[in-house]
2 protein chains.
Amino acid sequence: MTLPNLDFTHDPAAQSWVASANAEGCDFPLQNLPYGRFRRAGHNEDWRIGVAIGDQILDLRRAAERGRWETPLQVLLQPLAQGDLNALMAAPKAARVALRQALFRALQAGSPQQALLADALLAQHEAELALPCRIGDYTDFYTGIHHATTVGKLFRPDNPLLPNYKWVPIGYHGRASSIGISGQQLHRPWGQLKAPDADAPVFAPAKRLDYELELGLFVGPGNALGEPIPMAQADEHLFGLCLLNDWSARDVQAWEYQPLGPFLAKNFGSTISPWVVTMEALAPFRCAQQRPEGDPPPLPYLDSEANRSLGGLDLELEVWLQTAAMRAAGEPATRLMRSNFRHAYWTLAQMLVHHASNGCNLQPGDLLGTGTQSGPAADEGGSLLELSQGGKQALTLPNGETRSFLQDGDTVILRAHAQAGGARRIGFGDCAATLLAARAG
Amino acid sequence: MTLPNLDFTHDPAAQSWVASANAEGCDFPLQNLPYGRFRRAGHNEDWRIGVAIGDQILDLRRAAERGRWETPLQVLLQPLAQGDLNALMAAPKAARVALRQALFRALQAGSPQQALLADALLAQHEAELALPCRIGDYTDFYTGIHHATTVGKLFRPDNPLLPNYKWVPIGYHGRASSIGISGQQLHRPWGQLKAPDADAPVFAPAKRLDYELELGLFVGPGNALGEPIPMAQADEHLFGLCLLNDWSARDVQAWEYQPLGPFLAKNFGSTISPWVVTMEALAPFRCAQQRPEGDPPPLPYLDSEANRSLGGLDLELEVWLQTAAMRAAGEPATRLMRSNFRHAYWTLAQMLVHHASNGCNLQPGDLLGTGTQSGPAADEGGSLLELSQGGKQALTLPNGETRSFLQDGDTVILRAHAQAGGARRIGFGDCAATLLAARAG
């Protein structure tokens, strides 16, 4: 099997003149080059687009002014210098690849651009980060078959997976306005809760507060209303990925979700990681789609040879937890689980193509969540609902605390990295957020 | 019962110097003054905000330049002159009322502004209309209890209304990008369809294409993330209403909607009417919330004296149909049904307050659909699904054609007007759109 689109930017031996990028285990080596939106912390200045490199950020406004770039790249850098990542998302994949290659060359050890760009760097610890782009619409899918099965079992022991699951990449619309960036603090939401034996619901702070481990796909150019995207063109429209914590209030969800789906149980906040890791950076980690023997093949509009052989992505995912007590004692976060995105039943291309298959228009910067990514084993659940078996079996943490669901003060950290086949390790940085107590009623 | 906020702009005897506004049955009399976004048809110029008056549009850019306005109103008119209605939506209700009163005075017969504003008018038939504002997020509610009951009966004859219906203003997120404006043409979507007795679904053009008769509420200032809106402040955040056709593919919906709700069955397009009728214009038609004797009272966070006595809205709603054959024969559209928004089980204030009750942030220009507004009688269904009893009983049209669901070439027209208690009749204008054949596969 030959991977497509591998070029010099995937050379694992390449080093950067930004020394921290060459460190073992660094999330942001020269081969990554993810995009984010930042400004100097404590300065009320315009947001800019930057590229993470080691522990630094290459400021693309300064880079555009000081570096040497061919004319087409200058044009591409113009909106980025103004803080507009959506414009790059709207550009053809070939243009995105050209910019990546130019940035790689510019940051590579020995580049003649080093002298020009050295003061276009800002240390990440001096930066404040924002949402990387305008997210017009946010859709959440349900591609984690092990999550769907485990959660389904809690409600329907004999029939955990619904009949449509292996045919339809199930998805639903989410709330764009309440998507926030890593580092945020969220209040435990109030909601209608109804105990199974109660006559009436009460309005109270949610008790069964949970996270969900997801990836978020940022859409590239997208499609006009009424014009579906065929599988053969899907790659053109896959811009890049972030981590996504789809906070969920399980008790609110159980009472409200029939018949139209989750609503207030989910839209009080969703947290994403600040750096958009491009599909180009992840190319070495593409893998065959996993579809168990005997399962129906995808309908033709969701099928392609390229998707079968390379639609998957070998990406390690992790959830870490730091409670308030751990923080107070100076103890680090503890890992709750790990899984891998290669277990997803539907690929990124299938999510995108299905979404547009009825003519629904996708726009640059739209976010598609993958749904919770649980592994096949019981300790690989991507939510506490799964790890605690619906709240019946509390987890014991290293310091002796227990958790069935989240407690006030808990910080949830999602992490991801790709490491396979001799390629340079690519990381995502943290997606961290802290649950605060509910507001007074 | 005294209606709040009635002032001279509700005087039914007031006349405009724009003569067409004084005609009997006119949708846009002086007492209405709805906002829309327009430009001269056939001119590739900037979009502007205008106010419909009779068969004319008052161009607020020209009006800002030529009219005489006090300083606070000049400030308010500035973004409108630039085509930005969201800025007015973000303004406090008191400012919105002040602008309405000033526009009313300026357009009233005998106004000294007549000479200044006479050439700030454009005939509506010379204008092209666009979406009135940026719609950040779109949410659809389910407040039509007769719709919920009738549709529920089709699926669950013994238990049509789910247990949460009378406690939770059920809602779910919709797709903002595919909202279009009256006059649009939409292709019949493709989707996965599965016959009950088939082993597998097929991907084909939807057969059971339907409309839904809804109102859309535009949100005013809104709330910050984490800060709910109490009932006592709801009015401040209700900007105005439009008509909303929530096109639905019933066969796609039936197969895809479990367990996370409707998705591709709905997001191929939604059509709204171009003029936003403000809550101030509709004040004379507010009425008591209808809640049948014996039903549980709303939980306290959804209850208020003002909502009980004035949360409802007496607004006549209609659906009209013109088939391709009728159009070819020069026959006008035929009315399929009428109902009234006063039958809604939940009020606009309750929709808004429930949405923000978990801290979800609502933003100026967000659109909240009311759900399908059916009346209590069988011939008052707000969709063909209801009128045709799930497709089993076709309607016969005046020209002998029949319809269980929509056919290619059908134009669906939603209309609404308020007329009660001696107040001047207020109309919404048409929300019309035409279904085209599916694209070739």
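None of the values given here were measured: they were computed from a predicted structure. (Residues numbered from 1 in each chain as written. Chains lettered and ligands numbered in written order. Predicted model: local features only at pLDDT ≥ 70, side-chain atom pairs only at ≥ 80, totals over all residues. Heavy atoms only, no water.)

A. Structural view of the sheet that holds strand 2 (residues 48-53) of chain B. Residue and element names in this part refer to chain B. Strand order in the open sheet formed by five strands is 4-3-2-1-5, with antiparallel pairing between adjacent strands. Here the strands that pair on one side only, and so sit at the sheet edges, are strand 4 (121-123) and strand 5 (127-130). Neighbour to neighbour, the strand axes of the sheet diverge by 45° on average, direction disregarded. Note that strand 1 (residues 35-40) and strand 2 share four bridges and pair antiparallel. Its bridge partner being in strand 2, arginine 37 is matched across the sheet by isoleucine 49. (Pairing = 2+ DSSP bridges. Helix = DSSP H or I, 4+ residues; strand = E, 2+ residues; numbered from the N terminus. Axes fitted to C-alpha atoms, helices over the stretch in contact; angles between N-to-C directions.)

B. Geometry of the interface of chain A and chain B. Facing 58 residues of chain A, the contacting portion of chain B comprises 58 residues. Both faces combined, the contact of chain A with chain B buries some 5300 Å², and carbon together with sulfur accounts for 61% of it. Counting across the interface, chain A meets chain B through four salt bridges. Here arginine 175 of chain A ties to aspartate 137 of chain B by a salt bridge, and the two come within 3.5 Å at their closest N and O atoms. Along the contact surface separating chain A from chain B lie 28 residue pairs in polar contact (both at pLDDT 80 or more). Mapped by element, the contributors of at least two residues to the side of chain A that touches chain B are strand 6 (138-141), strand 7 (171-173), strand 10 (190-193), strand 11 (202-205), helix 7 (250-256) and helix 11 (348-356) of chain A. Among the elements that make up the side of chain A that touches chain B, the one with the highest residue count is strand 7 of chain A (three residues). Here the residues of the side of chain A that touches chain B are counted per class, giving 32 nonpolar, 20 polar and six charged. (Contact = heavy atoms within 4.5 Å. Buried area = accessible area lost by both parts, 1.4 Å probe. Salt bridge = Lys/Arg side-chain N within 4 Å of Asp/Glu carboxyl O. Polar contact = N/O pair within 3.5 Å; in protein donor to acceptor, adjacent residues only side chain to side chain. Nonpolar A, V, L, I, M, F, W, Y, C, P; charged D, E, K, R; others polar.)

C. Local environment of the domain arrangement of chain A. Residue and element names in this part refer to chain A. Domain boundaries assigned for chain A yield domain 1 (8-130) and domain 2 (138-436). Facing the 32 residues of domain 1 at the interface are 28 residues of domain 2. In total, about 2500 Å² of surface goes out of reach between domain 1 and domain 2, with carbon and sulfur atoms giving 60% of it. Together, Met89, Lys93 and Arg96 form the three largest contributors to the area buried by domain 1 at its contact with domain 2, with a combined 25%. Remark: the boundary between domain 1 and domain 2 carries two salt bridges. The tally of links from domain 1 across to domain 2 stands at 14 residue pairs in polar contact (both at pLDDT 80 or more). If you list the elements that add at least two residues to the side of domain 1 that touches domain 2, you get strand 1 (35-40), strand 2 (48-53), helix 3 (85-89), helix 4 (93-107) and strand 5 (127-130). Here the residues of the side of domain 1 that touches domain 2 are counted per class, giving 20 nonpolar, eight polar and four charged. (Domains from an automatic or database assignment.)

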